[in-house]
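# Structure at a glance
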Amino acid sequence: MLPPVKKEYGQHFLADPNILNVIDRLAELSPEDIVLEIGPGEGVLTRYLADRVALVHGVEIDRALEAHLRDIDNVVIHFGDALELDLPTEATKLVANLPYNVATPIVVESLDGLPNIRLWCVMVQREVADRLFASPGTKAYGAVSVLVQLVCKRTGFHPVSRTVFRPQPNVDSALVAFRRVGLPEDYSRVKKIVTAAFAHRRKTLPNSLELAGVASRDAGADALAAIGRGANARAEELAPPEFVALAKALP
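Below: a short report on this structure. Per-chain numbering applies: the sequence of each chain, read as written, is numbered from 1 onward. Given that the model is predicted, a residue must reach a pLDDT of at least 70 before its local features are reported, and side-chain atom pairs must reach 80 or more before they are shown or counted; all residues, however, enter totals for whole chains, interfaces and linings. Working from all heavy atoms in the structure, the side-chain values ignore hydrogens and water.

## Observations regarding the sheet that holds strand 3 (residues 55–60)
Pairing in this open sheet of seven strands is mixed, and the strands run 4-3-2-5-6-9-7 from one edge to the other. Two strands bound the open sheet, and with one partner strand each, they are strand 4 (75–79) and strand 7 (152–160). This sheet shows a mean twist of 20° between the axes of neighbouring strands, independent of strand direction. Helix 6 (residues 143–151) rests against strand 7 and strand 9 (173–180) of the sheet, and its axis sits at about 120° to strand 7. Two strands form a pair only when DSSP identifies at least two bridges running between them. Counting from the N terminus, the helices are DSSP H or I runs at least four residues long and the strands are E runs at least two residues long. Convention adopted: a line fitted to C-alpha atoms gives each axis, helices being fitted over their contacting stretch, and angles between N-to-C directions are expressed from 0 to 180 degrees. Contacts: residue pairs with any heavy atoms within 4.5 Å of one another.

## Points about the packing of aromatic side chains
Stacked, tilted and edge-to-face pairs are distinguished by plane angle, under 30 degrees for stacked and over 60 for edge-to-face with tilted covering the rest, among Phe, Tyr and Trp rings (Trp via its six-membered ring) whose centres lie within 6.5 Å. Across all of its chains, the model carries four aromatic pairs by this definition. Between tyrosine 141 and phenylalanine 198, the ring centres sit 5.9 Å apart and the planes meet at 75°, which makes this aromatic pair edge-to-face. Highlighted residues: tyrosine 141 in the loop between helix 5 (126–132) and helix 6 and phenylalanine 198 in helix 7 (residues 187–199), separated in sequence by 57 residues. Here's how the labels work: a residue is buried when its accessible area is under 20% of the maximum for its type, exposed when over 50%, partly exposed in between, all with a 1.4 Å probe on protein chains only. According to the relative accessible area criterion, tyrosine 141 is buried, its value standing at 0%. What links up through ring pairs into an aromatic cluster is the set Trp120, Phe133 and Phe178.

## Description of the environment of arginine 52
As for its position among the elements, arginine 52 is in the loop between helix 2 (44–50) and strand 3. Discounting residues that sit within four places of it in the chain, arginine 52 has contacts with Asp24, Leu29, Ser30 and Pro31.

## What about the pattern of salt bridges?
By salt bridge we mean one thing: a side-chain nitrogen of Lys or Arg within 4 Å of a carboxyl oxygen of Asp or Glu. Inspection of the entire model under this criterion finds 14 salt bridges. We note a salt bridge from arginine 179 to glutamate 28, for which the minimum N-O separation is 2.7 Å. One end of the pair, arginine 179, is in strand 9; the other, glutamate 28, is in the loop between helix 1 (19–27) and strand 2 (34–38), and 151 residues separate them in sequence. For glutamate 28, a relative accessible area of 36% corresponds to the partly exposed category. Here glutamate 66 and arginine 63 are joined by a salt bridge, their closest N and O atoms 3.3 Å apart. With relative accessibility at 52%, the residue arginine 63 sits in the exposed group. Several salt bridges converge on common partners, so that one network encompasses Asp33, Lys93 and Arg118.

No statement about biological role is implied by the geometric values presented.
If you want it as structure tokens, here you go:
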């Protein structure tokens with residue numbers, strides 16, 4: 001009997017096994033991998049991964065799915081909220097059909113919170129997938145775009161039909177894969193400034209930084225001048241490396 005879907009968890013279970021081969025290719029699975037899977041659901045992807053990698057850590061919030069995830073070789077299931085648990089830092093890849101309601105924070109927090117992850121292959125809403133590697137000056141470009149692009153390079157992208165899920169979502173999805181290339185120096189400070197910069201994206205950067213309590217308007221304007229930008233610049237105009245430079249220029 002199939003378990004009922006719980007909307008509060010953003011559940012859309014994989015129902016078409018053909019997508020697994022695409023995940024295999026984009027995730028570059030190998031027998032040495034230790035994979036973190038957020039939201040294993042009914043275990044379709046979990047079983048596929050377990051047959052191909054050294055170990056799978058599955059994090060599932062819904063205890064009602066325990067029967068579907070029990071007794072799978074090479075799999076350790078952790079029950080709880082992935083945003084609150086201490087996730088296994090030994091994981092070398094994050095491969096998951098991410099629950100829609102936590103996809104963005106999971107990706108962002110894993111960039112520095114899980115330093116051993118060297119490759120991500122995640123199923124997300126198409127809108128989120130486009131946002132991760134959006135270009136400066138576009139509507140999709142935001143804090144998550146900057147943070148992901150400062151740490152990673154995109155290696156794969158695959159649009160996904162709504163028919164691969166149960167129930168079918170009302171939005172399009174995509175698989176996106178990206179590889180770690182490095183963590184900027186003083187990343188926690190850069191992250192704080194990026195988050196503050198986009199908190200009021202319609203305002204100029206000096207105003208946004210002041211409203212967020214990160215720096216005074218004058219200090220923000222001086223820092224922008226130091227990196228060759230005017231005081232009227234907005235967050236969406238700066239390329240990711242410019243935020244690193246901005247963090248260094250701010251007092």
